[in-house]
Structures are given as structure tokens and as C-alpha cells.
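Working through the structure, step by step
What follows is the residue order along each chain.
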Amino acid sequence: MEDSITNRLDSSEPAIRIRDLVFKRGRKTILDGINMDIPRGSIVAFMGPSGAGKTTILRLISGQLRPNEGTVEVNGQLISSMSDRELRLFRRTFGVLLQDGALFTDLTVFENIATPLREHTSLPETLIRRLVMSKLSAVGLGGIEERMPHELSGGMARRVAFARAVVLDPDIMLYDEPMTGLDPIAVSTIRTLMRDTNDALGLTSLVVTHNVNQMSLLVDYCYIIASSKIAGEGPPAELSISTDPGVDQFMNGKVEGPIPFHYEPPGEPWGLLD
Amino acid sequence: MQEHIPFIQRITGPVNQAGQCLIFLFRMLAGIRFSGSQILAVLQQTYLIGARSLVIIMICGFFVGMVLSLQAINALEQFGASDQVSLLVGKSLFRELGPVLTALLFAGRAGTSITAEIGLMRATNQIEAMELMAIDPIQRIALPRFAASVISVPLLTALFNAMAILGSIVFSIGVMDLDSGIFWSKLQTGIYFEKDFIGGVWKSAVFGGTISLIAVYFGYSAKPTGAGVGTATTNTVVLSSVLVLIFDFIMTSFLT
């Protein structure tokens, strides 16, 4: 059934289309006038300084947050005006890998990966077992299915979370800081997994990160978000030689530049001379 | 750093919270399905929070029974009525002390662990992950713990009562040399199964529901930080203990 939906999708249509997006938290504007077209089959990164609203974009796309203005379309469907029930059904097309993996600590590795299958399908136990084991060996971790999450290393836990995210064969993968806190080997492993899975299954992947070097190796296209706007966009190779001061500051990690060092609280201007 | 809270919010804040908590309860109850996996989850939680509280409940029950008999015999001796000790211990135990003390112990032993566990699930993004997998965390995490508490607190209360009677026997008959025949006959004729025993067990079911509702709600709404989970855990014990005592008075005055 899932396949027939995928086949109907026009591959020239962007997987995700965002128009004039405005999002406010209280009186503070987090995102202001964002426009994006994310083509099907690509891996796209959202980069930018901490607190710039990268994760917020991800949450607007997954429907956890609703925009104040503008629209978010995924696979041609308007996420921003779906009811909670529709959204719940629609979320099955997403695979999500959150910071630290977010494995369920009270379940074994096997049960963690089987959870989406048990919740959303009525497959027989033998088939669930076969699917889970195949995903587990696809991430190179066959044989650890009876372990508990706290017995795994950081890199292994992240790979298990990856297997759980792809077990329902999603259309779109959302990654929130997938490489934070991992050793260099684990980082490369996750990076390879992300690329291979994306290309083999024809997914569209969105990655929130601030790891500039790793992203240059992985992604097709990159948005830099700073001060609630898109400060720059383009393939990573182009961005790294960009002359735009904001992009240059972020890509090369400079202190001086248009992205301010001082946090400016909303309301009264803060000053040393008051 | 003490946050400055405007006066009006000191009143509206708790009212708002109470409303949220009730909505949370209704969302939980709306999720009851009696499906195989749900029953399995409830059984598992009953083991984790009920069966694991057995030792503390039994030890405390035994000593409460002993000290109750000691005080009762001291007081009754002055009127030459120390053979009435089983009646006094039984009435006070089955009606009040059993349900209330079990509930307070349960709040400390299981309520805190529920809040801390759910709070940590929130802090480590597990709850967000569930929402994103289109799994309702209230049904999946909160409901089994709530149901398990409503089932296990009355059972723990019954066990507490039994251990307290045992403690009373050990002290009154074993230490103070009272006649065991009189002890049992006073207990049998003076205590009514429905009015005294079942009445207390009913109350304890309400206590179990109250404690676990507060525990799951505070855990679920805890700030996702170490300090936030700590505060939520403390609040669970404080608020559930106070509410148990308030509800005890209200229910006792209306039901008896």
C-alpha cells in the first residue's frame, strides 16, 4: 500500500515545499519568511548557530509545531493544516533519528526496533522477527537483539535508533544532530549509513547539524539559518568559498561577523552603561 | 534564583495545573482498550511497582501492628480492658491506618520512581520519539502505570493489614501473654468485613489512583533537565501525601 503511494508521487515535484513560513514563540520571532523547495531523493542540511531555529524547522515539517503564517507541504499534502488524527497517520511516512538516539530504555534492542511495526502493522510475529533482524544486520549489528540500550556504546545505540527509524520504510528521514557526541569512526559509519540508505531506498533526508566538516562530505544541498532567516544556501562546496560574510563566518567558525556574539534579549535593550 | 511570580498567577497557576491533570486523566482513560499488549504492559508494571513494594509494605505493616498493640495495651490496662486490644487494633487498622500508611509508603516508594522514570524519558527525548512514531505516549507509558497502581495499592493494603495483625499477635499473645482465644473472638465479632475491611480497601484504590495520576502527570510535564526531574519527584511525594490525607477525610466523612 505504501508503495502505491510512493509510485503516484511525481518525482519532479519537490518532496517538501515551504512558503513564506513565519514562526513565533511568544513575542520572539524564531523564523521569518522562510522559502524552501527540497527535491526528492536529496540529502539536505540545515546548519546554523545554536538557537537559530534549525530544529524548529524540523518540527514544523514533522507537524509537532504549527506555523504562525505560511505553509508547509510534504509530498503535496499540507502539513500545517492537518488535524491531529491526520497528522498521526501521516507521520508514518517519516523516519526520525533524534539527538542521542532516544531508544526506549525499558525495552530490548529487538523490542525497540519492533515497536513501530507492532504499533502500526498487524504483521505476524515471524515476519516482525525477520524484518527486525534484517534491519539490525543492515546496520551491522546482528546478534545484539537481546541487549538493553544501556549496554550499548554511543555509536551502537545510534545505529539501533537508525534501524528503528527505517523499519517502516519511510519516505522522508529527519535527523536531529545525528553525529553529536560520537567518536570519528562511529561518525563515518552513521554518515555512510545515511547516504547508502537514502540512495538505495530513494528517500529524502533532512539533517540538522552544526558539524560543518562532516556535512560537506554528506549532503547535496545546505541551508544556513541565522537570525531567523536563510543566511545562505547552496551545495556545500559552493558555500565554503562563499563571499557572503554570514556564510563565511559560520562555515569557517569566525567570531567576528554579522552573526552577533552577544545574545539580545527581547524587550529592553541591555547595556553596560545603563 | 527565585522567580518573581505575579499574585494572580499564584492562584491561576495551580488551578490551571489541576485542569491539565484532569484532561490528562481523561486522555488516559480514553485509551483503555483491553488489548493483549495493553494487559501485558499493565501486568508488567504491576510487578515492577506493586510486587517490588512488597518488602517495605510488609515490614512496615508488621511493626505498625506491634506498636499499635503496645500503645493500646498500655492505655486499655488502666481500665482493665486489655483483652479488647484486637478490636482496637483491627478497627483503627482496617479503617484508617492500613489504607493511609500504605498509600504514603507507596507514594514514597513507587510514586517517586514513576515520576523520575517518565521525567527521564522526557529528558532523553524518548517521549518526543514516540510522538514522532505516531505512538501516543500517554497510552503507552502513563496508562499502564496508572492502572497498575489502582490494582496494586488495594492488594498492598490488604497485605499491610494482614502483617499488622500478625505483628499484633506477636506482641499481644507472644510478649504480653494475652489469651489467643479472646484475641481472635474479639476480632471476629467486632470487625465487619464489608464495613471495615472492604471500606478501607476501596479508599486505598482511590489513593492508588490519586498517587499514580500525580506521579505520571508530574513526570510527563517535568522540565527536561536534572533539576526539573528532581523538582517533579519532590512535588509528587508532597502533593500526593497531602491529597491522600485530604481525600481520606472527605471519603470517610461521606461514606461512613
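Residues numbered from 1 in each chain as written. Chains lettered and ligands numbered in written order. Predicted model: local features only at pLDDT ≥ 70, side-chain atom pairs only at ≥ 80, totals over all residues.

**A look at the overall build of chain A**
- Check the secondary structure of chain A and you find ten helices and ten strands.
- In terms of C-alpha radius of gyration, chain A reaches 20 Å, essentially the compact-globule figure of 19 Å for 274 residues.
- Taken along its principal axes, the extent of the C-alpha atoms in chain A is 70 × 40 × 35 Å.
- Per-residue burial over chain A gives 38% buried out of 274 residues.
- Residue pairs at least 24 apart in sequence account for 65% of intrachain contacts in chain A once pairs closer than 6 positions are excluded. (Helix = DSSP H or I, 4+ residues; strand = E, 2+ residues; numbered from the N terminus. Rg over C-alpha atoms; globule rule 2.2 N^0.38 Å. Buried ≥ 20, exposed ≤ 12 C-beta atoms within 10 Å, placed from the backbone. Contact = placed C-beta atoms within 7 Å.)

**A few points about the packing of helix 4 (residues 85-123) of chain B against helix 7 (residues 180-190) of chain B**
Residues and elements named next belong to chain B.
- At a minimum axis separation of 8 Å, helix 4 and helix 7 run at an interaxial angle of 45 degrees. In this view, helix 4 runs oblique relative to helix 7, as classed from their interaxial angle. Viewed along their axes, helix 4 and helix 7 form a crossing whose handedness is right-handed. Together, S86, L87 and G90 of helix 4 and F183, K186, L187 and G190 of helix 7 make up the contact between the two elements.
- Counted by class, the contact of helix 4 with helix 7 contains three nonpolar, three polar and one charged residues. (Axes fitted to C-alpha atoms, helices over the stretch in contact; angles between N-to-C directions. Parallel < 35°, antiparallel > 145°, perpendicular 65-115°, else oblique. Left-handed = near helix turned anticlockwise from the far one by under 90°. Nonpolar A, V, L, I, M, F, W, Y, C, P; charged D, E, K, R; others polar.)

**A word on the environment of V15 of chain B**
Residues and elements named next belong to chain B.
- Residue position: V15 is located in helix 1 (residues 7-30).
- V15 gets classed as exposed once you count the C-beta atoms within 10 Å, which come to 9.
- C-alpha separation for the pair V15 and S53, spaced 38 residues apart in sequence, amounts to 32 Å.

**Let's talk about the sheet that holds strand 2 (residues 28-39) of chain A**
Residue and element names in this part refer to chain A.
- The strand order 2-1-4-5 describes an open sheet built from four strands, whose pairing is antiparallel. In this open sheet, the two strands that pair with only one neighbour each are strand 2 and strand 5 (77-78).
- The pairing of strand 1 (residues 14-25) with strand 2 spans nine bridges and is antiparallel. In the strand pairing of strand 2, I16 is matched with I38. (Pairing = 2+ DSSP bridges.)

**A word on the interface of chain A and chain B**
- Contacts between chain A and chain B engage 16 residues on the former and ten residues on the latter.
- Among the elements of the structure, strand 6 (94-97) and helix 4 (109-120) of chain A are those that each provide at least two residues to the side of chain A that touches chain B.
- The element that contributes the greatest number of residues to the side of chain A that touches chain B is helix 4 of chain A, accounting for three residues.

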